[in-house]
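Observations on the model geometry
If you want the building blocks of each chain, they are given just below.
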There are 2 protein chains.
Amino acid sequence: MQRVVLFDEDDPLVLACGRSLAPVEVAYATYGTLDADRSNVVFVCHALTGDAEASGPRGWWSTMVGPGRPIDTDTSFVICPNLLGGCAGSTGPSSLDFPPLAIADLVTVHRALLAHLGIARVRTAIGGSMGGMQILQWLIDAPGQVRDAVLVCASSRLSAQNLALSHVARRAILDDPDFHGGDYAAFGVRPDRGLATARRLAHVTYLSEPGMAEKFSRAEPAGWADVDDAARWLGPAYDVERYLEHQAAIFLKRFDALSYLYLTRIMDAFDPFAGGVVLDPGSRALVLSFDSDWRFGTEHSVAVAAGLRAGGLGEVVEEVVASPWGHDSFLLDVPEYLEAVRRFVAA
Amino acid sequence: MQRVVLFDEDDPLVLACGRSLAPVEVAYATYGTLDADRSNVVFVCHALTGDAEASGPRGWWSTMVGPGRPIDTDTSFVICPNLLGGCAGSTGPSSLDFPPLAIADLVTVHRALLAHLGIARVRTAIGGSMGGMQILQWLIDAPGQVRDAVLVCASSRLSAQNLALSHVARRAILDDPDFHGGDYAAFGVRPDRGLATARRLAHVTYLSEPGMAEKFSRAEPAGWADVDDAARWLGPAYDVERYLEHQAAIFLKRFDALSYLYLTRIMDAFDPFAGGVVLDPGSRALVLSFDSDWRFGTEHSVAVAAGLRAGGLGEVVEEVVASPWGHDSFLLDVPEYLEAVRRFVAA
């Protein structure tokens, strides 16, 4: 992983909210080799809780990015930064003095990183969920800079239910007594209970109901009818409960509550087509969703594709892939999905 | 509202878990007049957070129960108790020394109340959600005691997603520092943050996504793009966020965290058809669901109806009612639904 300061006091990042931010440091990883004419660049935008490590044995998207994968690091030069506002090496909030962010701010930083690397254009930009939202904003903010966009289970406007679920999660963090108004680091604590609640809830929404049914035994634990101790009875017992506890525990080791607050909140106001957009007719997009995704389902992708077409993008390919794994599908080895991306980026 | 002690030290309630409980007091309300041959009894079972006050201007089910309503208090004698384990007058947990409960225990108490009132048979038993589960258990435990059963958006076996959502809610309560292992009353506090989280989450699952979209403005609050103060930016702003905050605040005034834990947990192990059942061929059931309900959707009602038929119930009528309001529909003025109940109970 590499780090670079992209904005400093002399040249601060001017945010959508009007405030300035400096310094802005970005951690990023690259995979593969940049070719001589700098034409093989793939930019990967991660989702809410990702980081720069997209590929490799510990990479969060090694199904998609790697040697021989749809984003082939044998032929492409892949750049993946940790997001502004994140907590894996890039500048992010350490208190509520940190300014509000917008998806557009994340894109401004991506473009600054690209400029720092001396790259003018991106052959392919790809991202799932909030990663796709960044690429959508990018198509609008810098028409022509991205040739091929791959937007997987993204959204151009959250539903009221999306807003509600994020609010429940954020409120659990804000209400944690260890949050201390965002100054928890100064108190030497972390709002782990609230962040764990947020993560458990998120995992329920990342899977589908049938996917959960397939993944977890529904049978009650052995001897359950005879449990006469309420503390034990109320604790995690069913497979799905233990799964959520496990997911929460590993998440606490790698993620920060303030980043969670900021990066969920930036999605709520995202509405890039609201004012009408003018896109580059030389660019193309693959807009892909999964049939069991109920966090950002196909109706979101339909709206994304319609907005891109209305804005004049050169070509918009829509795919709906069958998968029982809900929103999580974008991170998993779903052959039809990976093949659709491979086909699109090779075209 | 009336109160009666149904079990005492000399005659304790023997629970499904094997422990005994005494005393067991029940708060209940009645509406209408019992006729001479005691043949006009309607028994109402409330859901997770209900109480005995089913009818009247402040009643939680006044759309269904009242003069001229589908459950017509001009002609019926309606009995509605607060559940065992509840917090509105009946015996419930005040610490984790209170034993684990099962749906069957709730039914045992309902039947004891009926015996106390000198009533042998119930013409109609009706309930939604967990209320319907109690009636299902009743049909199994005492074949013939209930003639007509109305089971609205009930379930005979929770899905893994159902289990997961309840776990997230319970864990938020258990993790609240003010929970104190269930002894919060002794500390003079209440785990309000955890209980509020549970309620916010529940409300998201009680509405459908389209229902939420219809009910709440999705537009961002005025001036939102210029908010430069993170504490304000992260707080409730959108209509749906304010709605959830309102629902949480009023819920805290009327409900107790221990009751919430116990009454959600009893649903998880509910699986009354698991061992095969023998039902009364003289009884009938209406099994009704709503097309937008994703907490206990139509697939749950299909399973309930199939189990009742397999058990030999005399008649099983299935209805799926169109409504955008999700699980909440069972409490609302949805004419097609109310008419279906009216038709069934009049037959």
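Only a predicted model underlies this, so the values are computations on that prediction, with no experimental measurement involved. (Residues numbered from 1 in each chain as written. Chains lettered and ligands numbered in written order. Predicted model: local features only at pLDDT ≥ 70, side-chain atom pairs only at ≥ 80, totals over all residues. Heavy atoms only, no water.)

It is worth spelling out the nonpolar core at this point. Within the largest apolar cluster, 196 residues are counted, with the highest numbers of intra-cluster contacts made by A:Leu308 and B:Leu308. Other than its neighbours up to four places away in sequence, A:Leu308 contacts A:Leu136, A:Leu139, A:Leu151, A:Phe273, A:Leu279, A:Ala285, A:Val287, A:Leu313 and A:Val316. (Core = buried A, V, L, I, M, F, W, Y, C linked by side-chain atoms within 4.5 Å. Buried < 20%, exposed > 50% of the residue type's maximum accessible area, 1.4 Å probe, protein only. Contact = heavy atoms within 4.5 Å.)

Below, the discussion takes up the sheet that holds strand β10 (residues 146-152) of chain B. Residue and element names in this part refer to chain B. In space, the 8 strands of this open sheet follow the order β1-β4-β8-β5-β9-β10-β11-β12, with mixed pairing throughout. If you trace the sheet from one side to the other, it starts and ends with β1 (2-7) and β12 (315-321), each paired once. Here the average twist between neighbouring strands, direction ignored, is 20 degrees. Here β1 runs beside strand β4 (residues 24-31); their pairing, made up of 5 bridges, is antiparallel. Counted as the bridge partner of Val-5 is Glu-25 from β4. The strands that helix α2 (residues 130-141) touches are β5 (41-45), β9 (122-128) and β10; relative to β9, the one it contacts most, it runs at about 140 degrees. Here helix α10 (residues 298-310) sits on the sheet in contact with β10, β11 (284-290) and β12, set at roughly 165 degrees to β11. (Pairing = 2+ DSSP bridges. Helix = DSSP H or I, 4+ residues; strand = E, 2+ residues; numbered from the N terminus. Axes fitted to C-alpha atoms, helices over the stretch in contact; angles between N-to-C directions.)

Time to look at unusual backbone geometry. Residue A:Ala22 is joined to A:Pro23 through a cis peptide bond whose omega torsion reads -5 degrees. Position of A:Pro23 among the secondary structure elements: in the loop between β3 (20-21) and β4 (24-31). Positive phi, normally seen in glycine, also occurs at B:Arg38, with a value near 55 degrees. Look at B:Arg38 and you get partly exposed, because its relative accessible area is 39%. A positive phi is found at B:Ser129, a non-glycine position, where the angle reads about 55 degrees. You can see B:Ser129 is positioned in the loop between β9 and α2.

Residue and element names in this part refer to chain B. Mapping Asn-82 onto the fold places it in the loop between β8 (77-81) and α1 (103-116). By relative accessible area, which is 2% here, Asn-82 ends up buried. Ignoring any residue separated from it by four or fewer positions in sequence, one finds Asn-82 in contact with Val-26, Ala-27, His-46, Gly-50, Asp-51, Ala-52, Cys-87, Ala-88, Gly-89 and Ser-90.

Residues and elements named next belong to chain A. What the 8 strands build is an open sheet, ordered β1-β4-β8-β5-β9-β10-β11-β12; its pairing is mixed. If you trace the sheet from one side to the other, it starts and ends with β1 (2-7) and β12 (315-321), each paired once. Going across the sheet, the axis of each strand differs from the next one's by a mean of 20 degrees, ignoring polarity. Summarising the sheet, strand β5 (residues 41-45) and strand β8 (residues 77-81) pair through 3 bridges and their orientation is parallel.

A few words now on the packing of aromatic side chains. Enumeration over the complete set of coordinates arrives at 25 aromatic pairs over all chains. Ring geometry for A:Trp60 against A:Trp61: centres 5.2 Å apart, planes inclined by 15 degrees, an arrangement best described as stacked. According to the relative accessible area criterion, A:Trp61 is buried, its value standing at 0%. A ring pair is formed by B:Phe255 and B:Tyr260, whose centres lie 6.3 Å apart and whose planes are at 90 degrees; its orientation type is edge-to-face. Across this residue pair, the class does not change: B:Phe255 and B:Tyr260 are buried. Three or more aromatic residues link up through ring pairs in this structure, and these residues are A:Trp60, A:Trp61 and A:Phe330. Between the NZ or CZ atom of A:Arg199 and the centre of the ring of A:Phe251, over which it lies, the distance is 4.1 Å. Directly above the aromatic system of A:Phe344 lies the positively charged group of A:Arg284, at a separation of 4.0 Å from the ring centroid. (Phe/Tyr/Trp six-rings, centres within 6.5 Å; stacked < 30°, edge-to-face > 60°. Lys NZ or Arg CZ within 6 Å of the ring centre and 35° of its normal.)

What follows concerns the domain arrangement of chain A. Residue and element names in this part refer to chain A. Examined at the domain level, chain A breaks down into domain 1 (2-159 + 270-346) and domain 2 (161-266). A separation of 27 Å is found between the C-alpha centroids of domain 1 and domain 2. Summing both sides of the interface, domain 1 and domain 2 together bury roughly 2,800 Å²; the carbon and sulfur share of this comes to 59%. The three residues of domain 1 that bury the most area against domain 2 are Leu-48, Trp-294 and Arg-295, which together make up 27% of that side's buried surface. (Domains from an automatic or database assignment. Buried area = accessible area lost by both parts, 1.4 Å probe.)

With that out of the way, let us pick up helix α11 (residues 335-346) of chain B. Residues and elements named next belong to chain B. The first and last C-alpha atoms of α11 sit 16 Å apart over 12 residues, in line with the 16 Å expected at 1.5 Å per residue. Taken residue by residue, α11 has Tyr-337, Leu-338, Ala-340, Val-341, Phe-344 and Val-345 as its buried positions. Projection of α11 onto a plane perpendicular to its axis shows the buried side chains occupying an angular sector of 155 degrees, all on one side. Among the exposed residues of α11, those pointing more than 90 degrees away from its buried face are Pro-335 and Ala-346. Buried residues along α11 sit against β7 (71-72), β9, β10, β11 and β12. (Expected span 1.5 Å × (residues − 1). Arc of directions from axis to C-beta.)

Aligned on chain A, chain B shows an RMSD of 0.0 Å; the corresponding rotation is 180 degrees and the shift along the axis is 0.0 Å. One copy is carried onto the other by what is essentially a two-fold rotation axis. Taken together, the interface assignments show that 100% of the residues at the interface of chain B recur at the interface of chain A, consistent with an identical surface on both copies. (Least-squares fit on C-alpha atoms with pLDDT ≥ 70 in both.)

Our focus in this paragraph is the pattern of salt bridges. For the structure shown, the criterion picks out 38 salt bridges over all chains. A:Arg342 is the partner of A:Glu339 in a salt bridge, and the nearest nitrogen-oxygen pair spans 3.5 Å. One end of the pair, A:Glu339, and the other, A:Arg342, are both in helix α11 (residues 335-346), 3 residues apart, so they sit about a helical turn from each other. When its relative accessible area of 31% is taken as the criterion, A:Arg342 is described as partly exposed. Here B:Arg171 makes a salt bridge to B:Asp175, at a shortest N to O gap of 3.0 Å. Of the two residues, B:Arg171 and B:Asp175 are both situated in helix α3 (residues 160-175); the distance of 4 residues between them amounts to about one turn of the helix. Salt bridges linked by common partners bring A:Arg147, A:Asp148, A:Arg284 and A:Glu315 together as one network. (Salt bridge = Lys/Arg side-chain N within 4 Å of Asp/Glu carboxyl O.)

With that settled, consider the interface of chain B and chain A. Across the boundary between the two partners, chain B contributes 65 residues, which contact 65 residues of chain A. Carbon and sulfur atoms supply 61% of the area that chain B and chain A bury against each other, a total of about 5,500 Å² over both sides. Here chain B is connected to chain A by 8 salt bridges. Residues A:Glu241 and B:Arg170 are paired through a salt bridge, measuring 3.0 Å at the closest nitrogen-oxygen approach. Across the chain B-chain A interface, the total number found is 24 residue pairs in polar contact (both at pLDDT 80 or more). For the side of chain B that touches chain A, the elements supplying multiple residues, two or more each, are α3, α5 (192-206), α6 (209-215), α7 (230-234), α8 (239-254), α9 (257-268) and α10 of chain B. (Polar contact = N/O pair within 3.5 Å; in protein donor to acceptor, adjacent residues only side chain to side chain.)

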